Amino acid sequence: MTLRLKFNLVLGLASCAGIALAAFLVYQLLQKNAREEVLDSARIMMQSAFAVRGYTVDEVRPLLALQQKRQFLPQTVPAYAAHRYIGKLQKEYPEYSYREATLNPTNPADRASDWEADIINHFRNNDGAPELVGTRETPTGPSLYMSRPIKITDPKCLACHSTPSAAPQTMIDMYGSSNGFGWKQDEVVGAQIVSVPMSLPLQRADETFKLFIGLLVGVFLVIAVLLNVMLDFVVIRPVKKLSDKANEVSLGALEAEEMPVKGNDEISSLTQSFNRMHRSLANAVRLLDETGEP
């Protein structure tokens, strides 16, 4: 095994180990950043829904209080306003969604699906849990969801959801008296759930990862070529010349010219030592010839 082969073998193993470690760390970082990017979008959607709900309660509902007595107006319901707002957003981003899923909703359209019911039950079983974040597979790819509990903290909510007799007649006329009742104070009745697709951020992360690995491999290849060139000029060629000169001297060419010494590195020191040995050997042979000793 030649010196060049040994060097490249060690360099190759070290490069592969370095690339593998860098690839693992960068991949984890990019995946984490992609998830954080999606989570930030989900938080913005959630806060937007909260803002719309607050606006509805503080400014829209009081303006429609009189009409509400004659006809139930869903525009006064915070959940309805939030859904309408997100609905406008979904025209441009159909994969984004916002749900106020409820186990026993007034509007059947708000009834929780199986996976949404699991989230609601999580909040019911873990009182005080402020948020739940997770991922699930959808037909369009992985989707991140962020959810927060819908808990009855305002007694005013029970005016419409305690018993049918206490609810506004206009609401009964629209939705009936079978659903959305029996809610209790401090009970978790549902969950606000924002779903944001992860496919695009993950695709960007994968593309960035491939680009990074390609650049990293390219850098290692350039370094390997430069190191081989340096190895050839600095080590292999001088050592080969020394080897050839040693063979020449060992075959009796004691009068051969000495090797030129260039620089102050280890190869130069080796060349000086070889020249000194060459001179000593030549002098020793000359003395033997002069004394006639065998």
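Figured I'd write up the structure that's included with this text. Just so it is clear, the structure is predicted and the values come from calculations on it, not from any experiment.

**Some points on unusual backbone geometry**
Within the chain, D186 stands out as a residue other than glycine whose phi angle is a positive 65 degrees. Checked against the element boundaries, D186 lands in the loop between helix 6 (169-175) and strand 4 (188-197).

**Remarks on the packing of helix 1 (residues 3-63) against helix 7 (residues 199-250)**
Interhelical geometry of helix 1 versus helix 7 gives an angle of 160 degrees and a closest axis separation of 9 Å. One element, helix 1, and the other, helix 7, form an angle in the roughly antiparallel class. For the element pair helix 1 and helix 7, the recorded crossing hand is right-handed. For the contact of helix 1 with helix 7, a count of residues per class yields 25 nonpolar, five polar and five charged.

**Some points on the environment of L73**
Locating L73 in the fold gives a position in the loop between helix 2 (65-70) and helix 3 (78-90). Along the sequence, L73 and L63 sit ten residues apart, while their C-alpha atoms lie 11 Å from each other.

**Concerning the packing of aromatic side chains**
What the rule picks out here adds up to two aromatic pairs. Centre to centre, the rings of Y27 and F209 are 5.3 Å apart; their planes meet at 75 degrees, and the pair counts as edge-to-face. One end of the pair, Y27, is in helix 1; the other, F209, is in helix 7, with 182 residues separating them in the sequence. Seen from the ring of W115, R136 lies directly overhead, with NZ or CZ sitting 3.9 Å from the centre. Sitting over the ring of F233, R237 keeps its end group 4.4 Å from the ring centre.

**Details of helix 3**
The end-to-end C-alpha distance of helix 3 is 18 Å, a good match for the 18 Å that 13 residues give at a rise of 1.5 Å each. Regarding helix 3, the residues found buried are P78, A79, A81, A82 and I86. Relative to the axis of helix 3, the buried residues are bounded by an arc of 165 degrees and lie together on one face. Its buried side turned inward, helix 3 meets helix 1 and strand 1 (97-102).

**Overview of the pairing of strand 4**
Most of strand 4 sits out of view: ten of its ten residues are buried. Note: strand 3 (residues 141-151) against strand 4, nine bridges, orientation antiparallel. Within strand 4, the residue paired with L144 across the bridge is V196.

**Comments concerning the packing of helix 1 against helix 3**
At a minimum axis separation of 8 Å, helix 1 and helix 3 run at an interaxial angle of 130 degrees. Comparing the axis directions of helix 1 and helix 3 gives the class oblique. Crossing handedness for the pair helix 1 and helix 3: right-handed. Contact residues: helix 1 offers M45, S48, A49, V52, R53, T56, V57 and R61, while helix 3 offers P78, A79, A81, A82, Y85, I86 and L89. Taken together, the residues that form the contact of helix 1 with helix 3 break down as eleven nonpolar, two polar and two charged.

**Here's the deal with the pairing of strand 3**
Counting buried positions over the eleven residues of strand 3 gives eight, a clear majority of the element. By the bridge criterion, seven bridges tie strand 2 (residues 132-138) to strand 3 in an arrangement that is antiparallel. Its bridge partner being in strand 3, T138 is matched across the sheet by G141.

**Structural notes on the nonpolar core**
Counting residues in each nonpolar core, the largest one holds 22 residues, and the members touching the most others are A42, Y98, L144, V194, V196 and F209. Among the elements that line this core, the one with the most residues is helix 1, at ten residues. Once residues within four sequence positions are removed from consideration, Y98 is found in contact with M46, A49, R53, A82, H83, I86, Q192, I193 and V194. Counting residues in each nonpolar core, the second largest holds twelve residues, with A117, I119, F123 and Y145 among its members.

Criteria and thresholds
Residues numbered from 1 in each chain as written. Predicted model: local features only at pLDDT ≥ 70, side-chain atom pairs only at ≥ 80, totals over all residues. Heavy atoms only, no water. Helix = DSSP H or I, 4+ residues; strand = E, 2+ residues; numbered from the N terminus. Axes fitted to C-alpha atoms, helices over the stretch in contact; angles between N-to-C directions. Parallel < 35°, antiparallel > 145°, perpendicular 65-115°, else oblique. Left-handed = near helix turned anticlockwise from the far one by under 90°. Nonpolar A, V, L, I, M, F, W, Y, C, P; charged D, E, K, R; others polar. Phe/Tyr/Trp six-rings, centres within 6.5 Å; stacked < 30°, edge-to-face > 60°. Lys NZ or Arg CZ within 6 Å of the ring centre and 35° of its normal. Expected span 1.5 Å × (residues − 1). Buried < 20%, exposed > 50% of the residue type's maximum accessible area, 1.4 Å probe, protein only. Arc of directions from axis to C-beta. Contact = heavy atoms within 4.5 Å. Pairing = 2+ DSSP bridges. Core = buried A, V, L, I, M, F, W, Y, C linked by side-chain atoms within 4.5 Å.

Shape is all these values report; function is a separate question.
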